[in-house]
Amino acid sequence: MNALSAKTASSPAAILAASTDEAFRAGIKAWFAQELPRLAGDRYRAAEMQRLAFRREWEDHVCRSGLSGLGWSEAVGGRPLSLTRQAIYHQEYARAKAPLAVNLIGHGIVGPTLIAFGSQEQKDRFIPKLLSNEEIWCQGYSEPNSGSDLASLATRAERRGDVYVLNGQKIWTSFSHLGDWCFLLARTSSEGPRQRGISVFLVDMRLPGIRVRPIRQITGEADYGEVFFDDVEVPVACRLGEENAGWGIAMAAANFERGTYFIPRIVRLQTELEDLVRLAATTERDGRPVIHDPLVRDAIARLFCDAHALRLHADRMLKQAEEGVPPGVEGSAVKLLWSETHQRLFDLAMDIMGPAFQYGPQEKLAPAEGLWHRDYLWTRAETILAGTSEIQRNIIAERGLELPR
Amino acid sequence: MTQGISTAYSDQVLRDAAARTLAEAAPNAALAQGADASTAFAENHWRLAAEMGWTGIMVPESHGGLGLGLAETADIVEEMGAQLFCGPYALSAVLLPGLASHFGAVGDALLRELAEGSVRLGVATAEPKSDAEGRVALPLVEHAAGAGHILHLVREEGGVSFVLYRTAGATSRALQPMDPTCPIASVTLAPDAEIARVRCGHDEAERLLLPIHILTAVELVGIARAAFERAVVHVRQRKQFGEVIGRFQAIKHRLADGFTLLSHARLAVSDAVQRPGDLDAAQIARVIAADAAMKITADCIQLHGGMGFSWETDAHFYLKRARRLHASFGGTAALRKRAGDRFIESLLTTDCDRLRKADAGREEVV
């Protein structure tokens, strides 16, 4: 089949208005299948499409085609969409092997949090530029001495008339070098319990006194960094919610993605597992394909079983979210299973590589231009970010099993 | 405590009734005192199952049974795992109704007796030997005591044979079992003991055994759940270094892992119960449930410390029972291998097909 004989995909507006979920799925699938190769052109290769420039270009295209703000109300300019259809969207996005977005914090966390807690003025100011992807957000949570113990954060915001004066340092801030705005937690009081002295600020990253220093990651890339705040004057209008009410907002923000957060990741894991089988079938060792090695086959079978459990979890969490059941500690169990399974998958890929393991992640001669190598290293982050595995286990034991703190 | 962990597969009332009834008859204390399951318990438990109508749960109403499905049976079986029921329940109540139609008139009679509770199947798990007089000797039979019939699965070239023997005229010798809740014996059968034999291809055998794999998974979840709850209760009470040990992170993390495994197993098993014809769902459920039960029952002993290693603390019964089910009907590893092989082959076959089609397309163009 050639491109000319292919049917043209419907417009995003028509797809969103599909009368059935099946029609919605078919529509969005066709749209990705048409637009991704069209935009990528001769960059339509997994490794090329993972480059930051293309990720941004693709995300801008998706948003400006009218596929942002999915599930947000029309009042803020969003596109109301059932959770089931949001899940379908994310599934097909991952199946199309479309690259991860850049503005994940903006669309996944900042938008819903603004809609829930923001003033009208704040919504009017920020939501349209989120929908069009004109402003990229980063998240200022961790500090050098406040990682897992987030409530100990020490970056101070002192009120002086119409502004808060910000002093301190954030670290491991994803996309800090690209961020136009930062969703930031800072200490506004040192009295009482630590959690009650924290506020949320929406900080323009171009304000005087802000300095960003990218940090090179183990992948060799520098997608995150340190941010220094030196007497930065943030207008009072950029405080989100009440003063000292930031902890509750941060906790709510963490919950916004719960229903659909894992769906794209789990679908992606499934497609990666399929690619892994193909890698093992096309890699030879001692004159025969690695896929014939019984140890490799057993490791694949184990991953297949775990991927099955993950899919069932995703379905259940989505169903619960649709029924309005508040997320429990199951989210922590899924995070553990997902991150640890994902690490095992890429460990196995490196085993399959054999001597080709030695290529660095940016070496174009490596299989798939180094993508396996890059993602192998990247999976080490997944048991750390968004609550380390140790914190997830504490949450399960203390909240789920009610063991003493 | 463990969030929806006893949610019913079919009906919560049935589930709760099974839990209550079985808890009253639970053998833990007596077994821990050194009682022998092969005698009083097995008899009592089977009588109880018959009185409750559970033995005939999947027997058609036309044969005096309840004619219910796998989900209802699963509710009972999970509680049987949790409460250490001593008897060949799933095998008799589930596999026999599936096989009966293949056994003809013998099967019809067996179903009626099963519904009444008078049929109990022993299962031969090791290869038989024939002695000099041509009598069949079964070296290892589960639940032989009190069983009127013994079922033996023979894996052969191209398929499986299900062979049914009657025990009349047999001589049997009780052996020491690893799992005290599952008595074993060696049995030498009378010369005319074989009363039915059904040969099935692999696919048909796989289909007949699916409900057994699913219910084995269900029972493993019951065992894992009981061991897990026991461990959580213990670490909340036991004090060392002046603290409840449940406050220590090493303990918390072990239990968090148990919770995680148990939640995966529950989901996979519920899914398999709801889709009883799906090969992947059934086999993977059993793999995941066995992994969870093996880890959790071992951890339960570990978390009880020195007392966990004693016979009189009942933690070891769960480990031993989980270990037995992990190995039963060909074992969990073989199921994982089959599921994995299917996944790999389906993927590589589709790829080949796609390439072939692409090649064909090129030829047309040329």
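Quantities reported herein were computed from a predicted structural model and do not represent experimental measurements.

Engineer: What's the story with the overall build of chain B in this structure? I'm lost.
Structural biologist: Each helix and strand in chain B was counted, giving twelve helices and ten strands. Scaling as 2.2 N^0.38, a compact globule of 366 residues should have a C-alpha radius of gyration of about 21 Å, and chain B matches this with 22 Å. Within chain B, the fraction of its 366 residues that count as buried is 55%. Excluding contacts between residues fewer than 6 apart, the proportion of contacts in chain B whose partners are at least 24 apart in sequence is 71%. By element, 54% of the accessible surface of chain B is carried by carbon and sulfur atoms, the whole surface being about 15500 Å². The positive charge centre, built from 37 side chains, and the negative charge centre, built from 44, are 6 Å apart in chain B.

Engineer: For this particular structure, what's the right way to read unusual backbone geometry?
Structural biologist: Negative phi values dominate among residues other than glycine, just as trans dominates among peptide bonds. You will see that A:K97, though not glycine, has its phi angle at about 60°, which is positive. Assignment of secondary structure puts A:K97 in the loop between α5 (83-95) and α6 (104-117). The exposure class of A:K97 is partly exposed, given its relative accessible area of 39%. The backbone of B:F241 sits at a positive phi, close to 55°, despite the residue not being glycine. Residue position: B:F241 is located in the loop between β9 (239-240) and β10 (243-244).

Engineer: Help me out: how do you make sense of the nonpolar core in this one?
Structural biologist: The nonpolar side chains of soluble globular proteins are, as a tendency, buried together. Core analysis: the largest hydrophobic core is formed by 150 residues, its most contacted members being A:L276, A:I300, B:Y89, B:L151, B:F162 and B:L255. Looking at this core element by element, the count peaks at 19 residues for helix α7 (residues 202-237) of chain B. With sequence-adjacent residues up to four places away left out, B:F162 is seen in contact with B:L99, B:F103, B:L151, B:H152, B:L153, B:A196, B:R197, B:V198, B:C200, B:A205, B:L208 and B:L209. If you look at the next biggest cluster of nonpolar residues, it comprises 44 residues, including A:I109, A:W181, A:V236 and A:W247.

Engineer: Before we go on, may I ask you to explain the pattern of salt bridges in this structure?
Structural biologist: Two side chains carrying opposite charge are able to pair once their charged atoms lie near each other. All names here are of chain B. Inspection of every chain in the model, using the stated rule, returns 57 salt bridges over all chains. E78 is paired through a salt bridge with R15; the nearest N and O atoms lie 2.9 Å apart. Of this pair, E78 sits in helix α4 (residues 70-82) while R15 sits in helix α1 (residues 12-24); the two residues are 63 residues apart in sequence, bridging distant segments of the chain. We classify E78 as buried; its relative accessible area is 0%. By sharing partners, the salt bridges in this structure join R15, D75, E78, E79, R225 and R266 into a single network.

Engineer: Is there a simple way to think about α5(A) in this case?
Structural biologist: For the α-helix, the turn length of 3.6 residues means that residues three or four positions removed from each other point alike. Residue and element names in this part refer to chain A. With 13 residues, α5 extends 18 Å between its outermost C-alpha atoms, agreeing within 8% with the 18 Å of an ideal straight helix rising 1.5 Å per residue. Turning to α5, its buried residues are R85, Q86, A87, I88, Y89, Q91, E92, Y93 and A94. Looking at the buried residues of α5, the elements they touch are α1 (12-16), α2 (21-40), α4 (52-64), α9 (262-282) and α10 (294-322). Looking one or two residues past α5, K97 carries a phi angle of roughly 60°, positive in sign.

Engineer: Teacher, can you tell me more about the packing of aromatic side chains here?
Structural biologist: What describes a pair of aromatic rings is the distance from one ring centre to the other and the angle between the planes of the rings. The full count for this structure, using the stated rule, is 17 aromatic pairs over all chains. Centroid distance A:W31 to A:W58: 6.2 Å. Interplanar angle 35°. Geometry classified as tilted. With A:W31 in helix α2 and A:W58 in helix α4, this pair connects stretches of sequence that are 27 residues apart. The residues A:W31 and A:W58 share a single accessibility class, namely buried. When the ring of B:W311 is compared with that of B:F317, the centres are 6.0 Å apart and the planes differ by 85°; the resulting orientation is edge-to-face. Residue classification places B:W311 among the partly exposed residues on the basis of a relative accessible area of 43%. Here a set of aromatic residues connected by ring pairs shows up, and it is made of A:W31, A:F32, A:W58, A:Y89 and A:Y93. The aromatic ring of A:F228 is capped on one face by A:R211, whose charged end is 4.5 Å from the ring centroid.

Engineer: Could you clarify how one ought to interpret the packing of α5(A) against α10(A) in this entry?
Structural biologist: The geometry of a pair of packed helices is captured by two quantities: the angle between their axes and the separation between those axes. All names here are of chain A. Look at α5 against α10: their axes get within 9 Å of each other, and the N-to-C directions meet at 150°. Considering the angle they form, α5 stands roughly antiparallel to α10. Only L318, A321 and E322 of α10 make contact with α5, whose side of the interface consists of L83, T84 and A87. Residues belonging to the contact of α5 with α10 are distributed by class as follows: four nonpolar, one polar and one charged.

Engineer: Got a minute to help me understand the layout of surface pockets in this structure?
Structural biologist: In this approach, a probe sized like a water molecule rolls over the atoms, and the result shows the empty space that is left. Within this model, the second largest pocket holds a volume of roughly 1100 Å³. Considering the residues around the second largest pocket, the lining is formed by 44 residues, among which A:L312, A:H313, A:D315, A:R316 and B:L267 are closest to the centre. Elements with a contribution of two residues or more to the lining of the second largest pocket: α5, α9 and α10 of chain A together with α8 (249-274) of chain B. Partitioned by chemical class, the residues of the lining of the second largest pocket number 17 nonpolar, 14 polar and 13 charged.

Definitions and cut-offs
Residues numbered from 1 in each chain as written. Chains lettered and ligands numbered in written order. Predicted model: local features only at pLDDT ≥ 70, side-chain atom pairs only at ≥ 80, totals over all residues. Heavy atoms only, no water. Helix = DSSP H or I, 4+ residues; strand = E, 2+ residues; numbered from the N terminus. Rg over C-alpha atoms; globule rule 2.2 N^0.38 Å. Buried < 20%, exposed > 50% of the residue type's maximum accessible area, 1.4 Å probe, protein only. Contact = heavy atoms within 4.5 Å. Areas by Shrake-Rupley, 256 points an atom, 1.4 Å probe, with all protein chains shown as cover. Lys, Arg positive; Asp, Glu negative; His and termini not counted. Charge placed at Lys NZ, Arg CZ, Asp CG, Glu CD. Core = buried A, V, L, I, M, F, W, Y, C linked by side-chain atoms within 4.5 Å. Salt bridge = Lys/Arg side-chain N within 4 Å of Asp/Glu carboxyl O. Expected span 1.5 Å × (residues − 1). Phe/Tyr/Trp six-rings, centres within 6.5 Å; stacked < 30°, edge-to-face > 60°. Lys NZ or Arg CZ within 6 Å of the ring centre and 35° of its normal. Axes fitted to C-alpha atoms, helices over the stretch in contact; angles between N-to-C directions. Parallel < 35°, antiparallel > 145°, perpendicular 65-115°, else oblique. Nonpolar A, V, L, I, M, F, W, Y, C, P; charged D, E, K, R; others polar. 1 Å grid on protein atoms, 1.4 Å probe; cavity = no way out; pocket = protein on both sides within 12 Å on 5 of 7 lines; lining within 4 Å. Points joined across faces, edges and corners; volume = space filled by probe spheres on them.

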